[in-house]
Amino acid sequence: MGGDFLAAVTERQRQRLLDLGKHVDHAAGTTLLNQGDPAPPVLILRSGFVKALRAAQEGTSPMIVDLLGAGDVLGVEDCLARRPSHLAYVATKPVRVLEIPQNAFHGFLDDDKQAMALIAADLGHRVRLRNVALGFATAKVRSRLTAYLARLQALYGRQTESGVVIDVGLNHADLASAIGASAAAVNAEMAKLKNEGFLATGYKTIHVKKPLREDGPPLSPAARPRRIPQMRLGRRIAMG
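None of these values were measured; they are calculated from a predicted model.

Analysis parameters
- Residues numbered from 1 in each chain as written.
- Predicted model: local features only at pLDDT ≥ 70, side-chain atom pairs only at ≥ 80, totals over all residues.
- Heavy atoms only, no water.
- Pairing = 2+ DSSP bridges.
- Helix = DSSP H or I, 4+ residues; strand = E, 2+ residues; numbered from the N terminus.
- Axes fitted to C-alpha atoms, helices over the stretch in contact; angles between N-to-C directions.
- Parallel < 35°, antiparallel > 145°, perpendicular 65-115°, else oblique.
- Left-handed = near helix turned anticlockwise from the far one by under 90°.
- Contact = heavy atoms within 4.5 Å.
- Nonpolar A, V, L, I, M, F, W, Y, C, P; charged D, E, K, R; others polar.
- Buried < 20%, exposed > 50% of the residue type's maximum accessible area, 1.4 Å probe, protein only.
- Lys, Arg positive; Asp, Glu negative; His and termini not counted.
- Salt bridge = Lys/Arg side-chain N within 4 Å of Asp/Glu carboxyl O.
- Polar contact = N/O pair within 3.5 Å; in protein donor to acceptor, adjacent residues only side chain to side chain.

Caption draft 1: Geometry of the pairing of strand β8 (residues 95–100). With five bridges joining them, strand β1 (residues 22–26) and β8 adopt antiparallel strand pairing. The residue bridging D25 from the neighbouring strand is R96, located in β8. Relative to β8, strand β3 (residues 42–47) runs antiparallel, the two being bridged by five bridges. Looking at β8, one finds that S47 is bridged to R96.

And the structure:
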């Protein structure tokens, strides 16, 4: 979400959520939920990163539709609709989640309108970000890739003396999945960006050395609440 849900609620609300759920630790690569799981629990991410994936049809390769970090709430859409999980969630880094049964979390929201308002605001924020991302769907691979990397930089980048480090556990195949491109095309564009001095890479890490796009973002993470910085594709497009 646009901030830490447990930090945003009151102490009484926080304690009730802790009483309703249990903390569970998962190693990197672990599937937390499968697409289609019935009555999936709501997961409040306490640490680490999780990629959300969705397959269009049974037997097809899933696409990464979101990346979530500490403070985000996973599965709330399914909880509100009382439907099976419409996404799969896989840890890209070791994670700790507060796991709350679907019925228990639904009852919590029914009883607490303030918490419901926070969840509604978060859902609106996510929809807005996803809609913005769709604006790059028909762009060339480089534009899609740099837009996605700029988003990761703004949301999850860690400032260093020589630039910003993106360390969220994604590899090149994940980047390809997230932007709807082939792994070969992403590998080629990443090599060009490295040769041009924009970035360096390590094991599932990206070190951004200078702005990936001429209109931003700056080489520092954006303060919360999260937002996507303004980017340009042929002409200026407002990204907020």
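After presenting the structure, the write-up continues.
Caption draft 2: Broad picture of the packing of helix α7 (residues 172–179) against helix α8 (residues 183–195). Where α7 meets α8, the axes come as close as 8 Å, and the angle between the chain directions of the two elements is 110°. Considering their axes alone, α7 and α8 lie roughly perpendicular with respect to each other. As α7 packs across α8, the resulting crossing turns out to be right-handed. Facing α7, whose interface residues are H172, L175, A176 and I179, α8 presents A183, V186, N187 and M190. Grouping the amino acids of the contact of α7 with α8 by side-chain chemistry returns six nonpolar, two polar and no charged.

Caption draft 3: Representation of the sheet that holds β8 within the structure. The strand order β1-β8-β3-β6 describes an open sheet built from four strands, whose pairing is antiparallel. Here the strands that pair on one side only, and so sit at the sheet edges, are β1 and β6 (73–74). Contacts from helix α2 (residues 11–20) reach β1, β3 and β8 within the one sheet, and its direction differs from that of β8 by about 90°.

Caption draft 4: Structural detail: the side chain of D78. When you line up the elements, D78 lands in helix α3 (residues 76–81). Within the buried set, D78 has no salt-bridge partner at all; the shortest N-O distance to an opposite charge, 7.5 Å, is to R54. Reaching out from D78, the side chain makes a polar contact with the side chain of H86 at a distance of 2.8 Å. Residues contacting D78, with those up to four places away along its chain left out, are P40, R83, P84, S85, H86 and Q102.

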